[in-house]
Amino acid sequence: MSKTRVAVDVGGTFTDICIMDEESGAIRIEKTSSTPHDPMQAILNGIEQAKIDLSEVTMFSHGTTVATNALITRRIPRTAMVCTEGFRDVVEIRRSNKEDLWDTYKDVAKPYVPRRDRLTVLERVDADGKVMTPLDEAGARRVAEILKKREVKSVAVCFMNSYVNGENERRMRDILKDIMPDVPVSISSEVMPEIFEHERFSTTMANSVCAPVVVDYVSRLGDKLAEGGYSRDLLLLHSGGGVMTPASVKEFSARLAGSGIAAGAIASRFIGNLCGFPNSIGFDMGGTSTDVSLAYNGDPRITKDWYIEYGYPIRFPSIEVLTIGAGGGSLAWRDEGGSLRNGPQSAGAYPGPACYKNGNRTATNTDANVVLGRLGTSLAGGKITLDPALATEAVQDTVATPFNMELHQAAEAIVAVANSNMANAVRLLSISRGYDPRDFALVAFGGAGALHGAAVAKELSIPTVIVPPNPGVTSALGCLLVDVQHDFSDSFMTNASTVSPDEMEAAFAKMEAQAVERLTHEGVAREDMTLMRSVEMMYAGQWRSLSVSAPAKITSVSDLVEGFHAEHEREFNFRRDEAPVAIFRIAIKAIGTVPKADMPKYEERLHKAAPVSRRKVWFDAVAHDAAIYEREKLEAGAAFEGPAIVEQFDSTTVVPPGMSAKVDAYMNILISTKG
């Protein structure tokens, strides 16, 4: 029997499983309903439905929302913080800002660790790393005994200036482990050794809060897979776009807080490059939300400015993904001013859209698409049947009657508002960052991405839409395309005009030794390791920095400065060559290469595709006789014109009138929005 690789992506509505044959690259898929009470159950159900022999699986990769959901719902174990005396309220004070500055009544969420569980000890390190006051060990033991009595499940240790010298934090950890040996302890000097105290404290706090939840989930899932015959490490996708093994989860559990949304961004970039579009925008529309990502010159945008709840940043490097509440289940509604709105409220997996027949009577995007004929009468290969009569009733009652519209006009209005919301999200991640959408291809995937992708692309003047072979499980596919990856950074604050290449080389060498040690711990052979350097720089006097790639051996700091000027001009449309440049931080991306199966490529035979049927589909309030195609019957080189609908197990693709489409050698559908 051939060896296989399995990837699982847990979504709000469906859990997607992607099974790849190592030899041929052939992919088969399985979808099962998600089980929010315990995501692992949906995974096990999917494995059973797909008849996967775990003893034949050589790699099992998983994008998980467990950490994300724990932070959102605050279903978290009791966690404590130990801080320098006088600094217990750093995470409460934050940056004294608000998400909506003018909303007097909207309060920022409380810290994940309440004040009563934020205790202090006497110690002090100055800004140069000199220990001014050694750790009060007697006081530290008293704190540890208190936390033991409170039965806390995790502890974060956050001392001032520990980013330059973590000696006191390490000693505090030793004392805690001596008294509470089974409780995980995160120390800020290892989790995030950077200068800004709130960001460092907040990241360490999130890491501690997530640790017991994630470790428990990973352990249970690992045990179940082992019982089924899987003998290798479970690989977990993290926010930076790589995977980590359970060996690192305990120390860096908050890296999984962005796990679920990163998979789609990875797959989108891969598919864009495969099709010859190094500039691509990922458009992942599911049942409850849409995730937008961007790749430029083949590389994803990376950010450190992200959070699950505003005010509590998690500063681990993450693929930049913008998420909005727009999905197939997003509800249409009328606001107080009488305007039609769409989302972020969602019908979710249950009861779902009105056409799911589970009792919801409010129109959703899915109902509107059914009324317009763009969706058929079933989803997920017939596992979910859709009732057009219920969809019609919902659209009529929710929009048509209140707004005095004709039925199909109302359905198009629902879809148009959703498309506008999603187009605005793409603008935020492209135009506002200095990128022109017309220079990109839109990779449309997710259960509903291919339904709306062409319309969104047209609104943004994006010339090409790429629909992957299996849009509904593309995020799961992303889990098969990643390597083991860890990010290391260290403060390196100096003026670029005074630092020497040798000084920078010494600092990088120290981090590279840590990187090699970590990858070795993950089981990566030295010949499979790649270390990529970068330097964060800024104009002197500023505090926002930009990252610039650095060579494997630095021989000239001036070359780095020139790279910074160029990046600043691209990002902000100006540069100041005469201004002094400061170095803020150095970083290393440590990659352990994982062997990957090649995607199957077919010989293109240019021909006109033959539809399997035709049906009435509405565009711009006009009924069109649209051709209906089955995705499985479309061969490489097949071409067709809109209006057309392409149906398959996991998604439906809409090609509007005036657009054309063709199937490429990798079985992607390429839609030209200009005909």
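For the structure, see preceding data.
These figures come from a predicted structure and were not determined experimentally.

## Here we look at the overall build of the chain
Here comes step 1: From N to C terminus, the chain includes 16 helices and 36 strands.
Here comes step 2: The globule rule puts the C-alpha radius of gyration for 675 residues at 26 Å, and the 26 Å found for the chain is close to it.
Here comes step 3: Dimensions along the principal axes, computed over C-alpha positions, put the chain at roughly 80 × 60 × 55 Å.
Here comes step 4: Put simply, the chain has 675 residues, and 56% of those count as buried.
Here comes step 5: Restricting to contacts in the chain with at least 6 residues of sequence separation, those with at least 24 account for 68%.
Here comes step 6: Charge-centre separation for the chain: the mean point of 71 positive side chains lies 3 Å from the mean point of 87 negative side chains.

## Comments concerning the packing of helix H11 (residues 388–400) against helix H12 (residues 407–429)
Two quantities define a packed helix pair, namely the angle between the axes and the distance from one axis to the other.
Here comes step 1: Contact geometry for H11 and H12: axes closest at 9 Å, N-to-C directions at 80°. With respect to their mutual orientation, H11 and H12 come out roughly perpendicular. From H11, Thr392, Val395, Gln396, Val399 and Ala400 reach across to H12, where they touch Leu407, Ala410, Ala411 and Ile414.
Here comes step 2: Looking at side-chain class alone, the contact of H11 with H12 contains 7 nonpolar, 2 polar and no charged residues.

## A word on the sheet that holds strand E34 (residues 652–655)
Here comes step 1: Taken in spatial order, the 4 strands make up an open sheet running E30-E31-E33-E34, and their pairing is mixed. The open sheet terminates on both sides in strands that have one partner only, identified here as strand E30 (613–619) and E34. For this sheet, the mean inter-axis angle between neighbouring strands, taken without regard to orientation, is 30°.
Here comes step 2: Note that E30 and strand E31 (residues 622–630) share 7 bridges and pair antiparallel. Bridging from a neighbouring strand, lysine 616 pairs with aspartate 625 of E31.

## Points about the sheet that holds strand E5 (residues 79–84)
Here comes step 1: Strand order in the open sheet formed by 4 strands is E6-E5-E9-E10, with parallel pairing between adjacent strands. Looking at which strands have only one partner, the edges of the open sheet turn out to be strand E6 (118–121) and strand E10 (185–187). Here the average twist between neighbouring strands, direction ignored, is 20°.
Here comes step 2: Running over the sheet, helix H4 (residues 137–149) touches E5, E6 and strand E9 (154–158) and is turned about 160° from E6.
Here comes step 3: Seen against the sheet, helix H5 (residues 167–179) touches E5, E6, E9 and E10 and runs at an angle of roughly 175° to E10.

## Section: the side chain of serine 34
Here comes step 1: Locating serine 34 in the fold gives a position in the loop between strand E3 (27–33) and helix H1 (39–49).
Here comes step 2: Of the polar contacts made by the side chain of serine 34, one reaches the side chain of threonine 15; its length is 3.1 Å.

## A closer look at the pairing of strand E13 (residues 280–285)
Every regular strand shows the same layout, with side chains that alternate between the two sheet faces.
Here comes step 1: Of all 6 residues making up E13, 6 are buried, and the element is well covered by its neighbours.
Here comes step 2: With burial as the criterion, each face of E13 is covered, one bearing Ser280, Gly282 and Asp284 and the other bearing Ile281, Phe283 and Met285.
Here comes step 3: Sheet topology note: the E13/strand E14 (residues 290–296) ladder contains 6 bridges and is antiparallel. Bridge pairing in E14 links aspartate 284 to aspartate 291.
Here comes step 4: Here E13 pairs with strand E23 (residues 441–445) via 5 bridges, running parallel. Its bridge partner lying in E23, isoleucine 281 is registered against leucine 442.

Criteria and thresholds
- Residues numbered from 1 in each chain as written.
- Predicted model: local features only at pLDDT ≥ 70, side-chain atom pairs only at ≥ 80, totals over all residues.
- Heavy atoms only, no water.
- Helix = DSSP H or I, 4+ residues; strand = E, 2+ residues; numbered from the N terminus.
- Rg over C-alpha atoms; globule rule 2.2 N^0.38 Å.
- Buried < 20%, exposed > 50% of the residue type's maximum accessible area, 1.4 Å probe, protein only.
- Contact = heavy atoms within 4.5 Å.
- Lys, Arg positive; Asp, Glu negative; His and termini not counted.
- Charge placed at Lys NZ, Arg CZ, Asp CG, Glu CD.
- Axes fitted to C-alpha atoms, helices over the stretch in contact; angles between N-to-C directions.
- Parallel < 35°, antiparallel > 145°, perpendicular 65-115°, else oblique.
- Nonpolar A, V, L, I, M, F, W, Y, C, P; charged D, E, K, R; others polar.
- Pairing = 2+ DSSP bridges.
- Polar contact = N/O pair within 3.5 Å; in protein donor to acceptor, adjacent residues only side chain to side chain.

Note that every value here comes from positions in space, so none of it alone points to a role or purpose.
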